[in-house]
Amino acid sequence: MSEAMENLGVNPLEDTTSKAALAYAAERRDNIRTFVRTNPDYYISMFDKIGASSSFTPTFNAMAGVFGPVWFGARGLWNWALPFLIIETLAFVQIARGLFGDLGAEAMARIASIEGTLDLRRQQLAAAIESNSDRVDAFQRTVDSLEANIGGIRAEADAIAATGPTVALTGLIILVLVKIAQSIMANTALEARFSDWMSDRSVRFGLPVTHIVLSAIFMALIAFAAMMHYSFPGRFSLLSEFPTDPDIRLGSIDRVEAFFNWAVLNGEVLFDAITYLIRMVLDALEIVFVSTPWIVIASLIILLTWLTAGVRMAIYSSAFLAYMGLLGFWEKAMTTLALLGTAACLSILIGIPLGMFAARRPRFYKAIQPVMDFMQTMPAFVFMIPVIAFFGTGKPAAVVTTMIFGGTPVVRLTVLGLRGVPESVREAAISFGANKWYLLTKVDLPLAGPSIRAGINQTIMLSLAMVVVASLIGAKGLGEDVLEALQYANVGQGILAGFAILFCAMILDRIVQGGRK
């Protein structure tokens, strides 16, 4: 059969009369009937028309145009339903505002506010006239000015109210255009969902009554609420203000404060121990960076940069260090590095073992993920509040704040790196008799090394980003200069100190990441 078609010059892939093609077409029609449930013959012809071309093929679906977002939502096409709902709601709001809305409500509210002031000024004018005060002319000018303003605003309100038909017509045009767009795009969107359903039968199909009802209620509620709110502003307080009671907020504040008071009283030993540990590491690093002669520290940094990133970066590091020294930032830069080093070292010492433990324990990692999300997304000024309550102000509190903000990347990237180790490599090592320690130290960690180093780098960079914020609670260093520049609008000092922080970040980044192949 295939040889005969080849002899006739017929491409087997384009032959629609073969048994296989006919069987496929019949199966496709049955699948379309199962998928759409309603009006299958129409959708069969439309899907065939759309599938016959590789480019966009416009079709027209009147039901989708009439019911709009309800049709798309009932079909499960929510990625189309929501944009169409927003546009249709905008159109209905414009129509309702133009036909029934109080377009001049805002202007009338301004008039009411000015009239209150005008009444007061008229009383003052009458009192001044009665007492023959020398301020009569001033009060008279104020009254005349307010009356003129009221007249202008009233004319503006009348002009706005006269635009009602235009606003309604604009809404009607938008509604017609979006209905046409819905009618044209409906079959294409549904055919794409049909293709998804063919490969994944868990995709919702058909047109269930419950979905139609829920979709209609949802769309009608959204459109009605928007129309009432924008057509009659301020008339329905439920639509403009969330229903609440101030006592709820005040009671929550009292409970939170009571909890922190309890934690401070009962956790004093724990917080003192953490403060002692931080202070011990911080004092050691300050001795290394601040008390050691500058030429020793500069030489070691340049040498370390040369060993890890090459000669070019070592030259750049020399220039950066010279910049800090010549501008008088050396001691503060070293203080910043000591503070940063304390936070980064503690974050890394905690983060890498935690990531190693969580990498092979999905349930544990899933449990700590919300905590890490909280640490990364909560604004720094918010979690500074409990840190100050527990640790007071000063460098230990600044270290804790920096660890909270910058400690999560090393955990996430350690987990990512260890989970990315190919199972085939691990199985090969196990088959040759590797124990757990050998597997961890000689297989998992070396292969996950680039990801772990990236986590260390991100932790250091995020810790450095907290320099200015940490200075608010007593941390010394370059952040203090930037904060002072912000307080007194000292542009020069702020820019120069900011560049010093930038150069510290560049040096640390190159040392950690390296530049040599």
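Along every chain, residues carry numbers that run from 1 in the direction the sequence is written. Given that this is a predicted model, residues contribute local features only at a pLDDT of at least 70 and side-chain atom pairs are listed and counted only at 80 or more, while totals for whole chains, interfaces and linings are drawn from all residues. Calculation of side-chain values draws on the structure's entire complement of heavy atoms; hydrogens and water are dropped beforehand.

A word on the overall build of the protein
In step 1: Helix and strand definitions follow DSSP, with helices as H or I runs of at least four residues and strands as E runs of at least two, each counted in order from the N terminus. Secondary structure summary: the protein contains 25 helices and zero strands in total.
In step 2: Throughout, the radius of gyration refers to the C-alpha atoms, and the reference size of a globule is 2.2 Å times the residue count to the power 0.38. In terms of overall size, the protein is more extended than a compact globule, its C-alpha atoms giving a radius of gyration of 36 Å where 517 residues would be expected to give roughly 24 Å.
In step 3: If you line up the protein on its principal axes, its C-alpha atoms span 115 × 85 × 50 Å.
In step 4: Only the protein chains shown count as cover for residues, and all accessible areas are computed by the Shrake-Rupley method using a 1.4 Å probe. Of the roughly 29900 Å² of accessible surface on the protein, a fraction of 66% belongs to carbon and sulfur atoms.
In step 5: Charge-centre separation for the protein: the mean point of 39 positive side chains lies 9 Å from the mean point of 41 negative side chains. Counted charges follow a simple rule, with Lys and Arg positive, Asp and Glu negative, and His plus the chain ends left uncounted. By convention, charge coordinates are those of NZ in Lys, CZ in Arg, CG in Asp, or CD in Glu.

Quick word on the side chain of Ser451
In step 1: Tracing the chain through its elements places Ser451 in helix α22 (residues 436–465).
In step 2: In contact with Ser451, other than residues within four places in its own chain, are Leu413, Leu416 and Gly417. In this analysis, two residues are considered to be in contact whenever any of their non-hydrogen atoms come within 4.5 Å of each other.

Looking at the packing of aromatic side chains
The description of an aromatic ring pair rests on the distance of the ring centres and on the angle between the ring planes.
In step 1: Stacked, tilted and edge-to-face are the three classes applied to pairs of Phe, Tyr and Trp rings, where Trp contributes its six-membered ring and a pair requires centres within 6.5 Å; stacked means planes under 30 degrees apart, edge-to-face means over 60, and tilted covers the rest. By the definition in use, this model includes 21 aromatic pairs.
In step 2: Their ring planes at 25 degrees and their centres at 6.1 Å tell us that Trp80 and Phe84 sit as a pair that is stacked. With Trp80 and Phe84 both in helix α6 (residues 78–99) and four residues apart, the pair spans about one turn of that helix.
In step 3: Each residue is assigned to one of three classes by its accessible area relative to the maximum for its type, calculated with a 1.4 Å probe on protein chains only: buried under 20%, partly exposed between the two thresholds, exposed over 50%. The class of Phe84 is buried, set by a relative accessible area of 9%.
In step 4: Each residue in the set Phe35, Tyr42, Tyr43, Phe47, Phe194, Trp197 and Phe205 is aromatic and connected to the rest through ring pairs, giving one cluster.
In step 5: Charge-over-ring placement is defined geometrically: NZ (Lys) or CZ (Arg) within 6 Å of the ring centre, and within 35 degrees of the ring normal. Over the ring of Trp197 we find Arg201; its NZ or CZ atom is 4.0 Å from the centre of that ring.
In step 6: Lying across the ring of Phe357, Arg361 places its NZ or CZ 3.9 Å from the centre.

Some remarks on the pattern of salt bridges
In step 1: For this document, the term salt bridge refers to a Lys or Arg side-chain nitrogen within 4 Å of an Asp or Glu carboxyl oxygen. Per the counting criterion, the structure on display carries nine salt bridges.
In step 2: Residue Arg28 pairs with Asp48 through a salt bridge whose shortest N-O separation is 3.4 Å. Remark: Asp48 occurs in helix α3 (residues 40–51) and Arg28 occurs in helix α2 (residues 19–36); sequence separation between them is 20 residues.
In step 3: Each member of the salt-bridge network shares a partner with another, and the members are Arg360, Arg426 and Asp444.

Examining the confidence of the model for the protein
In step 1: The quantity known as pLDDT measures the predictor's confidence residue by residue, on a range of 0 to 100. Here the protein averages 84 in pLDDT, while 95% of its residues score no lower than 70.
In step 2: Ignoring residues within four places in sequence, the model shows residues 1–11, a span with pLDDT below 50, making four contacts including any to other chains.

Quick word on the environment of Arg110
In step 1: Relative to the helices and strands, Arg110 is located in helix α7 (residues 105–130).
In step 2: Looking at Arg110, the relative accessible area reads 38%, which means it is partly exposed.
In step 3: Here the alpha-carbon distance between Arg110 and Ile150, two residues 40 residues apart in the chain, equals 8.5 Å.
In step 4: Excluding residues that lie within four positions of it along the chain, Arg110 makes contacts with Ile153 and Glu156.

Digging into the packing of helix α17 (residues 362–377) against helix α20 (residues 408–419)
In step 1: Where α17 contacts α20, the axes come no closer than 10 Å and their chain directions differ by 150 degrees. Considering how the two elements wind past one another, α17 and α20 form a crossing that is left-handed. On the side of α17, the interface is formed by Pro362, Tyr365, Gln369, Met372, Asp373, Met375 and Gln376, while α20 contributes Thr408, Pro409, Val411, Arg412, Val415 and Arg419.
In step 2: Here the residues of the contact of α17 with α20 are counted per class, giving seven nonpolar, three polar and three charged. In this analysis an axis means a line fitted to C-alpha atoms, helices contributing only their contacting stretch, and an angle means the value between N-to-C directions, from 0 to 180 degrees. Here a crossing is called left-handed whenever its near helix is offset anticlockwise from the far helix by less than a right angle, and right-handed whenever the offset is clockwise. The nonpolar class holds Ala, Val, Leu, Ile, Met, Phe, Trp, Tyr, Cys and Pro. Asp, Glu, Lys and Arg form the charged class, and all remaining residues, Gly among them, are polar.

Some words on a nonpolar patch on the surface
In step 1: On the surface, Leu169, Leu172, Ile173, Val176, Leu177 and Ile180 cluster together into a nonpolar patch covering about 540 Å² of accessible area.
In step 2: Among the residues examined, Leu172 registers a relative accessible area of 42% and is labelled partly exposed. Residues forming no salt bridge and having over 30% relative accessible area are the ones grouped into patches, like charges within 9 Å of each other and nonpolar side chains (Val, Leu, Ile, Met, Phe, Trp, Tyr) within 5 Å.

Describing unusual backbone geometry
In step 1: At Arg37, a position not held by glycine, the phi torsion is positive, near 70 degrees.
In step 2: Following the sequence through the fold, Arg37 ends up in the loop between α2 and α3.
In step 3: Under the relative-accessibility criterion, Arg37 is labelled exposed at 53%.
In step 4: For Asn39, which is not glycine, the phi dihedral falls at a positive 50 degrees.
In step 5: Inspection of the secondary structure puts Asn39 in the loop between α2 and α3.
In step 6: With relative accessibility at 48%, the residue Asn39 sits in the partly exposed group.

Comments concerning the environment of Leu118
In step 1: Turning to its location among the elements, Leu118 is positioned in helix α7.
In step 2: Judged by its relative accessible area of 4%, Leu118 is buried.
In step 3: When the C-alpha positions of Leu118 and Ser145 are compared, they lie 9.4 Å apart, and in sequence the two are 27 residues distant.
In step 4: Every residue in contact with Leu118, bar those within four places of it in the chain, is listed here: Val143, Leu146, Glu147 and Ile150.

Some words on the environment of Met334
In step 1: Here Met334 shows up in helix α16 (residues 330–359).
In step 2: Between the alpha carbons of Met334 and Arg255 there is a distance of 42 Å; along the sequence they are 79 residues apart.
In step 3: For Met334, the residues in contact, after removing those within four places along its chain, are Phe289, Val290 and Ile297.

Points about the packing of helix α19 (residues 395–406) against α22
In step 1: Following both chains from N to C, one finds α19 and α22 inclined at 130 degrees, their axes separated by 8 Å at the closest point. Considering their axes alone, α19 and α22 lie oblique with respect to each other. The chirality of how α19 crosses α22 is right-handed. Contacts between α19 and α22 involve Thr402, Phe405 and Gly406 on the former and, on the latter, Thr459, Leu462 and Ser463.
In step 2: Tallied by class, the residues present in the contact of α19 with α22 amount to two nonpolar, four polar and no charged. Oblique is the label for any angle not covered by the other classes, which are roughly parallel (under 35 degrees), roughly antiparallel (over 145) and roughly perpendicular (65 to 115).

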